[in-house]
Amino acid sequence: MLIGIGFSNPLLVGLIGIGLLLVLVVIGVRVVFAAATVGLLGLVELIGWGPAAGIVGIVPHAKSSTYALSVLPMFIFIGFVAFHAGMTQQLFDAARKWLGWLPGGLGVATVFATAGFAAVSGASTATSAVFARVAIPEMLKYGYDRKLAAGVVAAGGTLATLIPPSAILVIYAIIVEENVGKLLLAGFLPGLVSAIIYALIIIFWAKLRPEEAPAVPSSTWNERFASLPPLVPIMLVVTIIISAIYQGWATPTEAGALGAAVVFVVAIVRGAGIKAITGSLMETAKLTVMIFSLIWGVTIFVRFLGFSGVADAFTLWVVAIDAPPLVIMICILLAYAVLGMFMDAIGMLLLTLPVVYPAVMALGYDSIWFGIIVVKMAEICLVTPPIGLNCFVVNAVRPDIPLADVFRGITIFFVADVITIIVLLLFPEIVTWLPALMG
């Protein structure tokens, strides 16, 4: 026993551990430290110091050394180098010339430009940071309401969590031991649907309040077609990653490495210097270490939950509920929405999936479909207060726009996300169609 508590019921110890973890997270302790500490104390209480120390010393390394996780630094590196190669500005310019004529055209262009950048970057916060520099000045120049401009960028950044290559989808696949390639492929259509719904919301808002999203001059057809050739490197990277996953001629890691090589060569050709490349490598290393640290800490807590039997008990309880599976699923998603107000997306998935996933599978839902749904919920958590990481990123890049205004600007996109969730619940084929073809 750790401190002589001596609980005879492992399930009670597990529930106390979950409660303690939530308290630590709410008061501001980082998830990695809170999860590792509670997990270690719980393991010592359940199985003693010797076995617990053995688990803490071996299991995190075994989990994080999984080959499939090697794709993460590749995807992250692609995004940072693409920014330094000037691809983000070219994406936005092309989207503005093709879509600027629509009501709220600059906002719509920003959404599809972020979607395009998401296809070469697996990091949501990086996408928001990049387009806060690129798109917000342009929207403010044409008289856009600053709340709307900030909201568009914060919401658009979340598309990187669904559109492959997505770092968080890889993490989900590792946690539940699902096929990484199929999950990445499954995110493509839902990501596109989400972008379209964002665009429709912006058009509706521009029609309702045209003073907040003024029209911009239309581009000529010559200007539109002239904007396409600079996008060839991006299209090449997307084609490599999607075709490799779909046709199976390369693993996701190999596809990521090929994509990184293409973007790296383009960056060098376009004049990216040593400082830009070194900065990309450093940012990639920082974000990769952060993700792996989360995996290490949470793995300890998850193993503690396994010994306590909480996951099995939760599964039996959920299956015994006398309600349609869809109602139970909605309740689970609402719980994720609340939890996301206090935790970052990756930490939330790492902590909850070992308990929630078996119960969802017992209800008869598809593993890949649930992965896309729960990652979409993680998207929502990236823009909801008080954590709303993307909103903080936009505010950090544009301190002239108060954080409160950023959160106000995200309101209509929260509505769009709810609509997207409903669409995916009612039409699961949107998620499962491409992976089924791959199979």
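Reading guide: rules and limits
Residues numbered from 1 in each chain as written. Predicted model: local features only at pLDDT ≥ 70, side-chain atom pairs only at ≥ 80, totals over all residues. Heavy atoms only, no water. Helix = DSSP H or I, 4+ residues; strand = E, 2+ residues; numbered from the N terminus. Rg over C-alpha atoms; globule rule 2.2 N^0.38 Å. Buried < 20%, exposed > 50% of the residue type's maximum accessible area, 1.4 Å probe, protein only. Contact = heavy atoms within 4.5 Å. Areas by Shrake-Rupley, 256 points an atom, 1.4 Å probe, with all protein chains shown as cover. Lys, Arg positive; Asp, Glu negative; His and termini not counted. Charge placed at Lys NZ, Arg CZ, Asp CG, Glu CD. Phe/Tyr/Trp six-rings, centres within 6.5 Å; stacked < 30°, edge-to-face > 60°. Lys NZ or Arg CZ within 6 Å of the ring centre and 35° of its normal. Expected span 1.5 Å × (residues − 1). pLDDT = per-residue confidence, 0-100. Salt bridge = Lys/Arg side-chain N within 4 Å of Asp/Glu carboxyl O. Core = buried A, V, L, I, M, F, W, Y, C linked by side-chain atoms within 4.5 Å. Axes fitted to C-alpha atoms, helices over the stretch in contact; angles between N-to-C directions. Parallel < 35°, antiparallel > 145°, perpendicular 65-115°, else oblique. Left-handed = near helix turned anticlockwise from the far one by under 90°. Nonpolar A, V, L, I, M, F, W, Y, C, P; charged D, E, K, R; others polar.

1. Digging into the overall build of the chain
Point 1. Helix and strand counts for the chain come out as 23 helices and zero strands.
Point 2. The globule rule puts the C-alpha radius of gyration for 439 residues at 22 Å, and the 22 Å found for the chain is close to it.
Point 3. By its C-alpha atoms, the chain is 75 × 45 × 45 Å across when sized along the principal axes.
Point 4. Here the chain holds 439 residues, and 55% of them are scored as buried.
Point 5. Put simply, 81% of the contacts in the chain that link residues at least 6 apart link residues at least 24 apart.
Point 6. Surface accessibility of the chain: about 17900 Å² in total, with carbon and sulfur atoms responsible for 72%.
Point 7. Here the chain contributes 19 positive and 20 negative side-chain charges, whose respective centroids are spaced 11 Å apart.

2. Quick notes on the packing of aromatic side chains
Point 1. In this structure the tally under the stated criterion is 10 aromatic pairs.
Point 2. Both rings, one in Tyr198 and one in Phe413, keep their centres 5.6 Å apart while their planes meet at 85°; by these two values the pair is edge-to-face. Placement of the pair is Tyr198 in helix H11 (residues 188-208) and Phe413 in helix H22 (residues 411-426), with a sequence separation of 215 residues.
Point 3. Residue classification places Tyr198 among the buried residues on the basis of a relative accessible area of 0%.
Point 4. An aromatic cluster is defined as three or more aromatic residues linked by ring pairs; in this entry it consists of Trp98, Trp221 and Phe225.
Point 5. We note Arg224 situated over the ring of Trp221; from NZ or CZ to the ring centre the distance is 4.6 Å.

3. What about helix H13 (residues 232-247)?
Point 1. The end-to-end C-alpha distance of H13 is 21 Å, a good match for the 22 Å that 16 residues give at a rise of 1.5 Å each.
Point 2. Those residues of H13 that fall on the buried side of the exposure criterion are Pro233, Ile234, Val237, Val238, Ile240, Ile241, Ser243, Ala244 and Ile245.
Point 3. Looking at the buried positions of H13, the neighbouring elements they touch are helix H4 (71-84), helix H5 (87-99), helix H6 (105-118), helix H10 (180-186), helix H14 (252-269) and helix H23 (429-438).

4. Considerations on the confidence of the model for the chain
Point 1. In the predicted model, the chain carries a mean pLDDT of 85, and 98% of its residues have values of at least 70.
Point 2. Across the chain, H11 holds the top mean pLDDT of 94, while H4 sits lowest at 81.

5. Quick notes on the pattern of salt bridges
Point 1. Within the structure shown, the criterion is met by 10 salt bridges.
Point 2. Among the salt bridges present, the one from Asp93 reaches Arg96, with a minimum N-O distance of 4.0 Å. Of this pair, Asp93 and Arg96 are both found in helix H5, three residues apart, which corresponds to roughly one turn of the helix.
Point 3. Arg398 serves as the salt-bridge partner of Asp400, at 2.8 Å between the closest nitrogen and oxygen.
Point 4. Through salt bridges with shared partners, a single ionic network connects Asp93, Arg96 and Glu138.

6. Thoughts on the nonpolar core
Point 1. Phe131, Tyr336, Leu353, Phe370 and Phe413 are the most contacted members of the largest nonpolar core, which totals 162 residues.
Point 2. Look past the residues within four positions of Phe413 in its chain and what remains in contact with it is Leu148, Gly151, Val152, Ala155, Tyr198 and Ile202.

7. Quick word on the side chain of Glu138
Point 1. Along the polypeptide, Glu138 turns up in helix H7 (residues 124-141).
Point 2. Residue Glu138 is classed as buried on the basis of its relative accessible area of 18%.
Point 3. In contact with Glu138, other than residues within four places in its own chain, are Phe92, Arg96 and Leu106.

8. Description of helix H9 (residues 167-176)
Point 1. Judged by how many residues are buried, H9 sits mostly within the fold: 10 of 10 residues are covered.
Point 2. Every buried residue of H9 is accounted for by Ala167, Ile168, Leu169, Val170, Ile171, Tyr172, Ala173, Ile174, Ile175 and Val176.
Point 3. Phi turns positive one or two residues past the end of H9, at Glu177, with a value near 60°.

9. Details of the packing of H9 against helix H18 (residues 345-362)
Point 1. Contact geometry for H9 and H18: axes closest at 10 Å, N-to-C directions at 30°. Overall, the two elements H9 and H18 adopt an arrangement that is roughly parallel. Regarding H9 and H18, the two cross each other, and that crossing is right-handed. Contacts between H9 and H18 involve Ile168, Ile171, Tyr172, Ile175 and Val176 from the former and Ala345, Ile346, Leu349, Leu350, Leu353, Pro354 and Tyr357 from the latter.
Point 2. Of the residues belonging to the contact of H9 with H18, the class tally is 12 nonpolar, no polar and no charged.

10. A few points about the environment of Leu305
Point 1. When you line up the elements, Leu305 lands in helix H15 (residues 274-308).
Point 2. Remark: the alpha-carbon pair of Leu305 and Val360, spanning 55 residues in sequence, is separated by 17 Å.

11. Quick look at the environment of Ala260
Point 1. With respect to the element layout, Ala260 can be found in helix H14.
Point 2. Given the relative accessible area of 6%, Ala260 is considered buried.
Point 3. Excluding residues within four positions of it along the chain, Ala260 makes contact with Met74, Phe77 and Ile78.

12. Observations concerning unusual backbone geometry
Point 1. Positive phi outside glycine occurs at Glu177, with the angle close to 60°.
Point 2. As for its position among the elements, Glu177 is in the loop between H9 and H10.
Point 3. We classify Glu177 as exposed; its relative accessible area is 69%.

13. Quick notes on the packing of helix H17 (residues 325-339) against H18
Point 1. Orientation of H17 relative to H18, taken along the N-to-C sense of each, is 170°, at an axis distance of 12 Å. With respect to their mutual orientation, H17 and H18 come out roughly antiparallel. Side by side, H17 and H18 meet where Met329, Ile332, Tyr336 and Leu339 of the first sit next to Met348, Leu349, Thr352, Leu353, Val356 and Val360 of the second.
Point 2. Class assignment for the residues of the contact of H17 with H18 results in nine nonpolar, one polar and no charged.

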